[in-house]
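Each chain, written out:
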Amino acid sequence: MESTFDPHAAKALLDWQIELGATEAIGDLPVNRYELPDTPPAAAAATKPRAAQAVAASVAPAPAADPLAEARAAAGAAGTLDALREALAGYEHCDLKRGARNLVFADGQPSARVMIIGEAPGRDEDLQGRPFVGRAGQLLDRMLEAIDMSRTAPEAGQAVYITNVMPWRPPQNRDPKPEEIAMMLPFVQRHVDLVDPEIVVLMGNISCQAGLGRQGITRLRGQWTESYGRPTLPMVHPAYLLRNPNAKREAWADLLELQARLRGGA
Ligand code: URA
């Protein structure tokens, strides 16, 4: 008897079902899944028609994703800052991404001698897709101006490049979780390698946790150390200065320390 079935349409239907996640063909007859097989599974697999084996292989569950390994691979493959931004945009393992309006990648001059690494975007940064544009960011700009530096300066010596550990805003501005920081570390390291600054400034506790593996900014600030393979100066976060204006004195001392180092005097 000739079949009325169009084989191309049948194949397309089958492909579509596999794409939807179907892992089994339902037959006309009911299957008793409690019945023990006559042949052991290994032997049964060997006798399966090749086409069935191919379908089974194509629908086998994907191995569990390893977010860290994927972050390392994606970051390592990025050869430019644009490619790194793309890699971050395509990274799906950080839940913060789903709640954020924008990816906040960086601002300033990639040729700058100084790279500032903050914590995470807040509301304004999330809206604009640029780091440090809210109140804390405006204070940061004024602090930098005080030592003749800015994110818009064309000269590498006066310019800064600014990014954050986290490129997505955490809900209610909560601190990023250790596993969220860990996922971003390969991207931050690659970011530093691509910008290749002479000096890294870590702003605030989260940034110190990510870059140095420890917190305690009031003890760490102003002390030269190393992170991401570069000379590093931890500084208090401008948001902290907004809440504790008395700490501006120490922040000023740290800015002078940075300036002296850039002038070759520290
Ligand atoms: N605080 C940060 O650490 N980064 C920003 O971009 C804004 C506020």
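Note that this is a predicted model, so its numbers are computed, not measured.

A closer look at the overall build of the protein
(1) Moving on: Each helix and strand in the protein was counted, giving 13 helices and six strands.
(2) Moving on: The buried share of the protein, reckoned over its 266 residues, is 39%.
(3) Moving on: Across the protein, every contact between residues at least 6 apart in sequence was considered, and the portion connecting residues at least 24 apart equals 70%.
(4) Moving on: Working note: accessible area of the protein is about 15600 Å², and carbon and sulfur atoms make up 52% of it.

Considering the packing of aromatic side chains
(1) Moving on: Summed over all chains, the structure comprises one aromatic pair.
(2) Moving on: Ring centres of Tyr91 and Phe187 lie 5.2 Å apart, and the angle between their planes is 70 degrees; this geometry places the pair in the edge-to-face category. Separated by 96 residues along the polypeptide, Tyr91 in the loop between α5 (81–89) and α6 (96–99) and Phe187 in helix α9 (residues 178–195) bring together distant segments of the chain.
(3) Moving on: For Arg261, the ring lying beneath its charged end belongs to Trp224, and the centroid distance is 4.2 Å.

Comments concerning the environment of Gln215
(1) Moving on: Relative to the helices and strands, Gln215 resides in the loop between α10 (205–212) and α11 (217–220).
(2) Moving on: Assessed through its relative accessible area of 38%, Gln215 is described here as partly exposed.
(3) Moving on: Residues Gln215 and Asn205, ten residues apart in the sequence, show an inter-C-alpha distance of 5.2 Å.
(4) Moving on: If sequence neighbours within four positions are ignored, Gln215 has contacts with Asn205, Ile206, Gln209 and Leu220.

Overview of the packing of α5 against α9
(1) Moving on: Where α5 contacts α9, the axes come no closer than 10 Å and their chain directions differ by 170 degrees. Classified by the interaxial angle, the pair formed by α5 and α9 is roughly antiparallel. Taken together, the residues of α9 that come into contact with α5 (itself represented by Leu81, Leu84, Ala87 and Leu88) are Met184, Phe187, Arg190, His191, Leu194 and Val195.
(2) Moving on: Looking at the contact of α5 with α9 residue by residue, the classes come out as eight nonpolar, one polar and one charged.

Quick word on the sheet that holds strand β3 (residues 160–164)
(1) Moving on: Strands sit in the order β1-β3-β2-β4-β6-β5 across an open sheet of six strands; the sheet is mixed. The open sheet has two free edges, formed respectively by β1 (107–108) and β5 (225–227), since each of these has just one partner strand.
(2) Moving on: Note that β5 and strand β6 (residues 230–235) share three bridges and pair antiparallel. Paired with Ser227 across the two strands is Arg230, which belongs to β6.
(3) Moving on: Against the sheet, α9 engages β2 (114–118), β3, β4 (199–203) and β6, with an angle of about 165 degrees to β2.

Quick word on the site of the ligand
(1) Moving on: The full set of residues close to the ligand is Gly118, Glu119, Ala120, Glu125, Pro131, Phe132, Asn164 and His237.
(2) Moving on: A distance of 3.2 Å separates a nitrogen atom of the ligand from a polar backbone atom of Ala120.
(3) Moving on: Between an oxygen atom of the ligand and a main-chain N or O atom of Phe132, the distance comes to 2.9 Å.
(4) Moving on: Relative to its unbound accessible area of 240 Å², the ligand is 92% covered by the protein chains.
(5) Moving on: Taken together, the residues of the shell around the ligand sort by class into three nonpolar, three polar and two charged.

Some thoughts on the packing of helix α4 (residues 67–77) against α9
(1) Moving on: Packing of α4 against α9 leaves a shortest axis separation of 8 Å and a crossing angle of 15 degrees. On the basis of their axis angle, the class for α4 and α9 is roughly parallel. Crossing of α4 over α9 shows right-handed handedness. For the pair formed by α4 and α9, the contact residues are Pro67, Leu68, Ala71, Arg72, Ala74, Ala75 and Gly76 on the first element and Ala182, Met183, Pro186, Phe187 and Arg190 on the second.
(2) Moving on: The residue makeup of the contact of α4 with α9, split by class, is nine nonpolar, one polar and two charged.

Basis of the calculations
- Residues numbered from 1 in each chain as written.
- Predicted model: local features only at pLDDT ≥ 70, side-chain atom pairs only at ≥ 80, totals over all residues.
- Heavy atoms only, no water.
- Helix = DSSP H or I, 4+ residues; strand = E, 2+ residues; numbered from the N terminus.
- Buried < 20%, exposed > 50% of the residue type's maximum accessible area, 1.4 Å probe, protein only.
- Contact = heavy atoms within 4.5 Å.
- Areas by Shrake-Rupley, 256 points an atom, 1.4 Å probe, with all protein chains shown as cover.
- Phe/Tyr/Trp six-rings, centres within 6.5 Å; stacked < 30°, edge-to-face > 60°.
- Lys NZ or Arg CZ within 6 Å of the ring centre and 35° of its normal.
- Axes fitted to C-alpha atoms, helices over the stretch in contact; angles between N-to-C directions.
- Parallel < 35°, antiparallel > 145°, perpendicular 65-115°, else oblique.
- Nonpolar A, V, L, I, M, F, W, Y, C, P; charged D, E, K, R; others polar.
- Pairing = 2+ DSSP bridges.
- Near = heavy atom within 4 Å.
- Polar contact = N/O pair within 3.5 Å; in protein donor to acceptor, adjacent residues only side chain to side chain.
- Left-handed = near helix turned anticlockwise from the far one by under 90°.

Nothing here speaks to function; it is geometry throughout.
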